[in-house]
Amino acid sequence: MGKEIPTRHEDYSLWYNELVKKADLAEHSEVRGCMVIKPYGYSIWEKMQQALDKMFKDTGHVNAYFPLFVPKSLFEAEEKNAEGFAKECAIVTHYRLKNDLQNPGKLMVDPEAKLEEELVVRPTSEAIIWSTYKKWVQSYRDLPLLINQWANVVRWEMRTRLFLRTSEFLWQEGHTAHVSAEEAVNETLQMLNVYADFAENFMALPVIRGKKSDGERFPGAVDTYCIEAMMQDGKALQAGTSHFLGQNFAKAFGVQFTSKEGKLEHVWGTSWGVSTRLMGALIMAHSDDDGLVLPPKLAPIHVVIVPIYKTADEQKNIAARADQIAAGLRKQGYSVKFDNRDTYKPGFKFAEWELKGVPIRIAMGPRDLENDTVEIARRDTKEKKTIRIGELDATIPALLSDIQENIYQRSKKFRDEKTTPVSTWEEFKHVLDDKGGFVSAHWDGTIETEIAIKEVTKATIRCIPLDAKEEAGKCIFSGKPSPRRVLFARAY
RNA sequence: CGGGGUGUAGCACAGUCCGGUAGUGUACCUGGUUUGGGACCAGGGGGUCCCAGGUUCGAAUCCUGGCGCCCCGACCA
């Protein structure tokens, strides 16, 4: 790890990779573009899953599972969706290997075992799910369908990056069907808000809720909404999307129902998803020179207890007291790790748990045992103080919620400082190059301008914020009239 | 697929220009001393030097041809 977080993108990339490896989260696999998520990294993902899943259930959704493979004919049914993903699909063409007679001991694809119809490995599941919904929906009484799936998907990206873009990734995708456009739009916005709540309240990550421009819209959707976050290198990261699909998929797959009035109608759809990319967001938003900083609500370990001792007797006595403390905190619902390894010194353990982002560390030595105290250190600010053991039960909950709030406020302050309103094209380019972050500017609403700006500056329209004020202005690029400001940024 | 870099012990690298049979740090193992911020000393184990071919008495090093990986770009709901 470097002395401080690098600002040049190239260096930041290397720093990020190193952090992901050192904190024991994940590593590149032998398999092209794929990632191995290691136990510690996965335990953080599990915390995310649990929190999200509860939020989905609380909003009336249920989980199900659909196939990994999508027959090509189904995949291509919704044309825009198929076209959007065509360039990055993995395809299964054969179902058998056989011994290669030319190369003893090796196997070859059996040319006799060619599939009649190729199977696309899902890059997203709209096709397979809507083809199934067709069978499930007859009447308005079958609606709404509010289903979520936890799954893996494959997108054959050219360049990959741990957590942010990998050939295979884990995610959740919700797919719902409704009787009316209004109900579907409400669902789309509801789930966008669920994502924003999750990002802000669990990940301590402030996000902008917005709508995507035509150029950035999900293929096959009528409207795409998103939450956008700001990373510490000033680049934007799309942290979640929620799509209003209109009747596009219903029409492509013939999903119809008989309404209360006895009329045959196509259903209205939504889909929404977040992925292991959120792990990347979590790392890039909060980490410092000493490693990961985890928000308490997502930390697999809330408190680590490190004993300090010279003799075996001391170790025994401290361990006995530490076990009591751990038991007490666990009773309160906290995850506590007592690091009683005698193969590492305390200093080493301090550094290791800091690297892994554990929010609170308790250190306990002979002096403490004598005084009935412990040293308590918080990860976000590195502050340490000595308190009486009796105070722990009250101190820990307060400190954890303080840490959660502090890293959120810290990120928000950073994000706000990195958000710049500009009114001229020169200023626009200047801010992007020298400061980075979000640039709030007027845009004429055309895809041509969007593309032109991207070509010159590499900045894209991250979103049209939902709370954007109506404010007449002139497009930064074309000078044509614009009704409101939108957010531009260079993005991951 | 383009531009740049790189391939030598688990990891990070030196050695390559100028050919002589491989080294440093770290990690690992053993013993001892240590332990309130990444310990120290001593000893030890571990490498087809990316692959193939060539030159040579002799190749990590020189030549030819492959391949891998990293960063940047193209791509990326």
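Please read these numbers as outputs of a predicted model, since none were measured by experiment.

Here the focus is helix α4 (residues 79-86). Every buried residue of α4 is accounted for by Asn81, Ala82 and Phe85. Along α4, the residues classed as buried sweep out an arc of 95 degrees about the axis, all on the same side. Exposed residues on α4 whose side chains face more than 90 degrees from its buried face are Glu79 and Glu83. Among the structural elements, α3 (72-75) and α5 (126-136) are those in contact with the buried residues of α4.

Neighbouring residues of RNA strand B: 42 residues in total, closest Phe218, Gly347, Ala351, Gly365 and Arg367. When residues of the surface near RNA strand B are assigned to their parent elements, the largest contribution, eight residues, is made by helix α10 (residues 346-355). Of the residues in the surface near RNA strand B, the class split is 15 nonpolar, nine polar and 18 charged.

Considering every residue of chain A, the mean pLDDT works out to 94; 99% of them sit at 70 or more. The ipTM, which scores confidence in the relative placement of chains, is 0.87 for this predicted complex, and the corresponding pTM is 0.95.

Taken in spatial order, the three strands line up as β4-β8-β5 in an open sheet, and their pairing is antiparallel. Two strands lie at the open edges of the sheet, namely β4 (69-71) and β5 (91-94), each paired on one side alone. This sheet shows a mean twist of 35 degrees between the axes of neighbouring strands, independent of strand direction. Pairing geometry for β4 and strand β8 (residues 114-121), over three bridges, is antiparallel. Bridged to proline 71 within β8 is leucine 119.

Another aspect to go through is the sheet that holds strand β18 (residues 336-338). Read across the sheet, five strands follow the order β18-β17-β19-β20-β21 without closing on themselves; strand pairing throughout is mixed. Both edges of this open sheet fall to β18 and β21 (384-388), since each of them pairs with a single strand only. Across the sheet, the mean angle from the axis of one strand to that of its neighbour is 25 degrees, orientation sign disregarded. With five bridges joining them, strand β20 (residues 373-378) and β21 adopt antiparallel strand pairing. What sits directly across from glutamate 375, in β21, is threonine 386. In the packing of α10 onto the sheet, contacts are made with β17 (303-307) and β19 (360-364), and the angle to β17 comes to roughly 170 degrees. Together, β17, β19, β20 and β21 form the strand contacts of helix α12 (residues 392-417), whose direction differs from that of β20 by roughly 5 degrees.

Moving on to the packing of helix α2 (residues 39-58) against helix α6 (residues 181-202). Contact geometry for α2 and α6: axes closest at 11 Å, N-to-C directions at 140 degrees. Handedness of the crossing formed by α2 with α6: right-handed. Facing α2, whose interface residues are Ala51, Leu52 and Met55, α6 presents Val194, Phe198 and Phe202. Of the residues that constitute the contact of α2 with α6, the class distribution is six nonpolar, no polar and no charged.

With omega at -5 degrees, the peptide bond leading from leucine 143 into proline 144 counts as cis. Locating proline 144 in the fold gives a position in the loop between α5 and β9 (145-154). Of note, the phi angle at alanine 204 is positive, near 55 degrees, even though the residue is not glycine. With respect to the helices and strands, the residue alanine 204 is situated in the loop between α6 and β11 (208-211). Judged by the 27 C-beta atoms lying within 10 Å of it, alanine 204 is buried. Phi at lysine 382 is positive, roughly 65 degrees, even though this residue is not glycine.

Thresholds applied
Counting starts from 1 at the beginning of each chain's written sequence and moves along it residue by residue. Whichever chain is written first becomes A and whichever ligand is written first becomes 1, with later ones labelled in order. Per-residue local features of the predicted model are confined to residues with pLDDT of at least 70, and side-chain atom pairs are confined, for both listing and counting, to 80 or more; whole-chain, interface and lining totals are unaffected and use all residues. The exposure scheme places C-beta atoms from the backbone and then counts, for each residue, the other C-beta atoms within 10 Å of its own, assigning buried at 20 or more, exposed at 12 or fewer, and partly exposed in between. In this description a helix means any DSSP run of H or I spanning at least four residues, a strand means any run of E spanning at least two, and both kinds are numbered starting from the N terminus. Read the arc as the range of directions from the helix axis to the C-beta atoms. Note that contacts rest on C-beta atoms placed from the backbone: two residues are in contact if these are within 7 Å. For each residue, a C-beta atom is positioned from the backbone; the residue is called near a molecule or strand if that atom sits within 6 Å of it. Classes in brief: Ala, Val, Leu, Ile, Met, Phe, Trp, Tyr, Cys and Pro nonpolar; Asp, Glu, Lys and Arg charged; the others, Gly included, polar. What pLDDT expresses is the predictor's confidence in each residue, scored from 0 to 100. Here, a strand pair is defined by DSSP locating no fewer than two bridges between the strands. To get an axis, a line is fitted to the C-alpha atoms, and for a helix only the part in contact is used. The angle between two axes follows their N-to-C directions and goes from 0 to 180 degrees. Rotating anticlockwise by less than a right angle from the far helix to the near helix defines a left-handed crossing, while the corresponding clockwise rotation defines a right-handed one.

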